[in-house]
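Next come the chains, spelled out residue by residue.
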Amino acid sequence: MRLPRLYTSRRSGTRTMAALVTTVLVAIGSAPVADAHPAAVPLSSLVDPLIGSSNGGNTYPGATLPQGMIAWSPTSTAGDQTSTGAANGYHYDTTRVRGLSLTHVNGAGCHPGAAGDVPIMPFVGDVTSSPSADTKDAVYAADFSHDDEKAVPGRYTLGLRSGARADLAVSSRAGVADFTFPRGSAAHLLFRVSNSLNGSQDAHVDIDAARRKVTGWVHTGAFCGRRANGGTNNRKSYYKLYFSASFDRAFSAVGTWKDGTLTPGSTTASGGEGYATGADRAGRGSGGYVGFDTSVDNDVHMRLGISYVSLKGAEGNLREEIAPRASVTDVAEAGARAWNKELGTVRVQGGTTARRTAFYTALYHSLMQPNLISDTDGRYYGMDGAVHRLERGQRAQYSNFSGWDQYRAQIQLLALLKPTVAGDFAQSLYNFARQNGGVWDRWVHISGATHVMTGDPSAATLATFYAMGVRNFDYEGAFDSLVKQATVPHPDGLSDAGCPGQCEGQRPNLAQYLDSHYAAQDVCHCWGGAAETLEDAVADSALGRWAKLLGKEATAEEFTARGAYWRNVYNPGATADAGYVQARRSDGSWVEPFHPGSDLGFAQGTSATYTWMVPQDVQGLAAAMGGRETAAARLDGFFNKADGSWSVRGGDPLRYDPTNEPGIHAPWLYNALGQPWKTQATVRQIIDTVYGTGPSGLPGNDDLGTMSAWYVFAVLGVYPQTPGSANLLLGAPVFPSAFLDRPGGKDILISAPAADDTHLYVDAVSHNGSALDRSWVGAGLTLDGGRLDFGLAEQPNPSWATDPGTLPE
């Protein structure tokens, strides 16, 4: 996809409901609305990129664009060159940096996470030793104060205690920077080419003083590469990042380093750090530096492009996206326009400034990914190690798919608001699978299969895309490929490499699974047999729904039946008081000892949480528990302590954990249990107490926009019912009005004029003017657009949407 210079242009949806929206906004304007903002306020000004940068949110504050390739943000240090203050290079409470890195992943939870490639450090002083030898970051790093930091969408500015200052702005694949140094000081830029977050296999830098250029690359990879369970299985390289930086002024000094050796005057160096940690990695690596005379001019302007294909690709991306004389302000203004357009897909009215900031920041984090890996000429580096071109009709190749996280909320929001991007993403994942011997990896980073987590989230994701109307991908080919993965055993399925957290098998020990109808804990070659069974049941149910939409009735019947395999790990006698999901051995026996708060057989969660992870068959789960009333009472205990107080902030292995994915749909289960007012109360409690503004405004890892997408849906008053479906469960909107501006005129208006801090409950709903006495809305709203009108009340309405014949399945 060829982009115009400075920013990416995206087509927005047509305004078929303009008159309707005007009428609604007039009506809302006559009601008391807290701190209503004028329509002229740019939506990007409501975003705070620092939200989630502490409290384990693992977001980053640096400059990036929607689905951008470049994400220019600090790499912090707590005194260890081989580590950082957080999983993705930045933690709000760690106020020392060793560089401004070109790539990041939003909100991934493992420390170190991934990327953080090519930190560029503005250094005040003389370079007298190798920066790689500075293993404690005592010399070639600098402190800063948040008073000297400013982050807005597409631009990041940081002043260092050393007196240096960086002002960064980006396009999709390139960026510009102004570096300012104290006048008369020794001033250098350090290119730490080998110092990616996970280390590097190799790296290279070239300095061309005559052309005022610094170029190079890093060969790196891995995600959670130094976790004990990943071990050497994930200490591998699967991509090269190339960069090309040019300057507006001559260099006063040049030099390079490798490991502990500094070579002033040298213009080339190579060498990686390896993927170990601590003493095994400390002191290794390579890089280069350039100096500048600040006696007369203390400002340095740099232009930079990146590519995963080649140095030529990096230079082409810069040339195509940023005009030769564009300033940081020029690029930042274009970036703000791009973000305003992206954020403008959802326009809310009313609410406080804090609420709007939390909402638009969540939307911002949700739409950061997937991320471009193809160049402006359409080339990209594939999972087979070869360079490919986009498929016919494909606009871009995307990557960064934390499937286990994203399939629950983020991909639904992407399909709802950016269906063309969703389709290109689906095609991208299918391209990778074809390049990977037909294997769909569950956690793809750049062009590498990391194997992280469990289940088959690709099946759930693409089935959901198709159900929600996404068609711009080879859905027949992708469907057949996913069905093959789910029905034909692969040798990797018997491997324990990387287990438990990064097992190679994407459908582990499939032959045993198809024979026993559950993943046996003792032979599953997976993270946990009970979790694997639940995940595969969700994926298979989604494939069954997709098959039905494609008219493949026999396949639909087969996979729908497999979607009920969760029953084979539900033990009605797990405890003296209640049944729970529990791991089983291959001989059929239950794995003992058992406790609901144990994670034995599960992945990043306990049985108490995973027992609710049956979104495809809530009625079946309720029946297994003894009926809807019994299930609802148990769900009450999941969200409340024995004294009736809320327990929604996490930390209790027997109750709801808002920081991780297996249970994030649980607040919405009350709709299917005939008590939707409890969904409304529970969701609002989470919105008000778990999410917020400031660095701690996310409950935990954002996981590539997943937690943020949950918040966006919750605030809008709708939530995806189950993977493979376009149905939306209904809650209580937080804003009086929300207009979803979607492509093709399929816009959606959500109107709730009484919405405020006290009107938490749904009293009535109409869909396109017709009363809706059920707590869900079908695919028609997603596929065709329309209007939802909510009447809200201060007290619950126990009679609305409780008819057993109208409950969600």
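Computed from a prediction, not measured in an experiment: that's the story for all the values here.

For the rest of this paragraph, the subject is the overall build of the protein chain. Helices and strands together make up the secondary structure of the protein chain, namely 18 helices and 35 strands. For 809 residues, the compact-globule estimate of 2.2 N^0.38 gives 28 Å, and the C-alpha radius of gyration of the protein chain, at 26 Å, lies within 12% of that figure. With the principal axes as the frame, the protein chain shows a C-alpha extent of 80 × 65 × 55 Å. When burial is assessed residue by residue, the protein chain has 65% of its 809 residues classed as buried. The long-range fraction of contacts in the protein chain, counting pairs at least 24 apart against all pairs at least 6 apart in sequence, stands at 73%. Total accessible area on the protein chain stands at roughly 25,300 Å², and carbon and sulfur atoms take up 50% of it. Treating the 65 positive side-chain charges of the protein chain as one cloud and the 78 negative ones as another, the clouds have centres 6 Å apart.

What follows concerns the pairing of strand 2 (residues 71-76). Counted residue by residue, strand 2 has 6 buried out of 6 residues, so it is predominantly covered. Taken together, strand 1 (residues 63-64) and the strand that follows it, strand 2, pair antiparallel across an intervening segment of 6 residues, in which Gln-67 is found at a positive phi of about 55 degrees.

So, on to helix 8 (residues 457-467). The buried fraction of helix 8 amounts to 11 of the 11 residues, a majority that puts the element mostly inside the structure. Every buried residue of helix 8 is listed here: Pro-457, Ser-458, Ala-459, Ala-460, Thr-461, Leu-462, Ala-463, Thr-464, Phe-465, Tyr-466 and Ala-467. Positive phi appears at Gly-469, one or two residues downstream of helix 8, with a value of about 95 degrees.

Turning next to the state of the cysteines. Following the criterion strictly, the structure yields 2 disulfides and no others. Bridging Cys-499 to Cys-503, the disulfide has an S-S length of 2.1 Å. Judged by the sign of its S-S torsion, about 135 degrees, the cystine formed by Cys-499 and Cys-503 is right-handed. Accessibility expressed as a relative area gives 3% for Cys-503, which makes it buried.

Here the focus is the pattern of salt bridges. Using the criterion set out here, one finds 27 salt bridges in the structure. Note that Asp-741 is salt-bridged to Arg-347, the shortest N-O span being 3.5 Å. A residue pair is termed long-range when its members are at least 10 positions apart, and Asp-741 in the loop between strand 30 (737-740) and strand 31 (748-751) and Arg-347 in strand 18 (residues 346-349) qualify at 394 residues. With a closest N to O distance of 2.7 Å, Asp-652 and Arg-655 form a salt bridge. With a relative accessible area of 25%, Asp-652 lands in the partly exposed category. For Arg-655, a relative accessible area of 18% puts it in the buried group. Salt bridges sharing partners connect three or more residues here, namely Asp-456, Arg-507, Asp-536, Asp-540, Glu-558 and Arg-562.

Spatial strand order, 23-24-25: 3 strands in an open sheet with antiparallel pairing. Of all the strands in the sheet, the pair left with one neighbour each is strand 23 (401-402) and strand 25 (448-449). Where strand 24 (residues 443-445) meets strand 25, 2 bridges bridge the pair, whose relative direction is antiparallel. Its bridge partner being in strand 25, Val-444 is matched across the sheet by Ala-449.

What follows is about unusual backbone geometry. Outside of glycine, negative phi angles account for most residues, and trans bonds account for most peptide bonds. Along the chain, Gln-369 connects to Pro-370 via a cis peptide bond; the corresponding omega equals 10 degrees. Within the fold, Pro-370 resides in the loop between helix 4 (353-366) and strand 19 (371-372). Geometrically, the link from Cys-499 to Pro-500 is a cis peptide bond, its omega value of 10 degrees lying close to zero. One non-glycine residue, Asn-58, lies in positive phi territory at about 60 degrees. Structurally, Asn-58 can be placed in the loop between helix 1 (18-29) and strand 1. The backbone of His-517 sits at a positive phi, close to 70 degrees, despite the residue not being glycine. The topology assignment puts His-517 in the loop between helix 10 (510-516) and helix 11 (529-549).

Our focus in this paragraph is the nonpolar core. Counting residues in each nonpolar core, the largest one holds 218 residues, and the members touching the most others are Phe-191, Phe-247, Trp-546 and Trp-710. Element by element, the count of residues in this core is highest for helix 11, at 10 residues. Setting aside residues no more than four positions away along its own chain, Phe-191 makes contact with Pro-119, Ile-120, Val-214, Phe-243, Ala-245, Phe-247, Trp-257, Ser-286, Gly-287, Gly-288, Val-290 and Met-302.

Counting buried residues along helix 6 (residues 410-417), 8 of its 8 residues qualify, which places the element largely inside the surrounding structure. Buried residues of helix 6: Gln-410, Ile-411, Gln-412, Leu-413, Leu-414, Ala-415, Leu-416 and Leu-417, and no others.

Of note, Glu-592 is situated in the loop between strand 27 (580-581) and helix 13 (607-610). Judged by its relative accessible area of 49%, Glu-592 falls in the partly exposed class. Setting aside residues up to four positions removed in sequence, Glu-592 forms contacts with Gln-582 and Arg-585. Among the polar contacts made by the side chain of Glu-592, one reaches the side chain of Gln-582 at a distance of 3.5 Å.

Time to look at the confidence of the model for the protein chain. For the protein chain, per-residue confidence averages 93 on the pLDDT scale, and 94% of positions sit at 70 or higher. Confidence drops under pLDDT 50 across residues 1-38; counting only partners more than four residues distant or on other chains, this segment forms 97 contacts.

This part takes up the packing of aromatic side chains. Inspection of every chain in the model, using the stated rule, returns 32 aromatic pairs. Where Phe-223 meets Trp-443, the ring centres are 4.3 Å apart and the plane angle is 25 degrees; that geometry is what we call stacked. Residue Phe-223 is located in the loop between strand 11 (213-220) and strand 12 (239-247), and its partner Trp-443 is located in strand 24; the two are separated by 220 residues in the primary sequence. Accessibility assignment for this pair places Phe-223 and Trp-443 in one class, buried. Connected via pairs of aromatic rings, a cluster forms that spans Phe-191, Phe-243, Phe-247, Phe-251 and Phe-292. When the ring centre of Tyr-466 is taken as reference, the NZ or CZ atom of Arg-471 above it lies at 3.5 Å. Cation over ring: Arg-634 sits above Tyr-580, and NZ or CZ is 4.5 Å from the ring centre.

Parameters at a glance
- Position numbers for residues start from 1 in each chain and track the written sequence from start to end.
- The model is predicted, so local features are restricted to residues of pLDDT at least 70 and side-chain atom pairs to those at 80 or more, both for listing and for counting; the totals for chains, interfaces and linings are taken over all residues.
- Heavy atoms throughout the structure, all of them, feed into the side-chain values; hydrogens and water do not.
- Comment: elements are numbered from the N terminus, with helices defined as DSSP H or I runs of at least four residues and strands as E runs of at least two.
- Throughout, the radius of gyration refers to the C-alpha atoms, and the reference size of a globule is 2.2 Å times the residue count to the power 0.38.
- For every residue, the accessible area (1.4 Å probe, protein chains only) is compared with the maximum for its type, and the residue is labelled buried under 20%, exposed over 50%, or partly exposed between those bounds.
- In this description, contact between two residues means that some pair of their heavy atoms is separated by no more than 4.5 Å.
- Here the open area of atoms and residues is found with the Shrake-Rupley method and a 1.4 Å probe, where only the protein chains shown may cover a residue.
- Only four residue types enter the tally: Lys and Arg on the positive side, Asp and Glu on the negative side, with His and both chain ends excluded.
- To locate a charge, the coordinates of NZ of Lys, CZ of Arg, CG of Asp or CD of Glu are taken.
- Two strands make a pair as long as DSSP finds a minimum of two bridges between them.
- Two cysteine sulfur atoms make up a disulfide if the distance between them is within 2.5 Å.
- Between Lys or Arg on one side and Asp or Glu on the other, a salt bridge is scored when a side-chain nitrogen of the former is within 4 Å of a carboxyl oxygen of the latter.
- Throughout, nonpolar core names a set of buried Ala, Val, Leu, Ile, Met, Phe, Trp, Tyr and Cys residues whose side chains join them through atoms within 4.5 Å.
- Two N or O atoms form a polar contact when they lie within 3.5 Å of each other; inside protein one atom must be a possible hydrogen donor and the other a possible acceptor, and for residues adjacent in sequence the pair counts only when both atoms belong to side chains.
- Summary of the metric used: pLDDT quantifies the predictor's per-residue confidence within the range 0 to 100.
- Only Phe, Tyr and Trp rings take part, Trp by its six-membered ring, and two of them pair if their centres are within 6.5 Å. Stacked means planes under 30 degrees apart, edge-to-face means over 60, and tilted covers everything else.
- The rule is short: NZ of Lys or CZ of Arg within 6 Å of the ring centre and within 35 degrees of the ring normal puts a charge over the ring.

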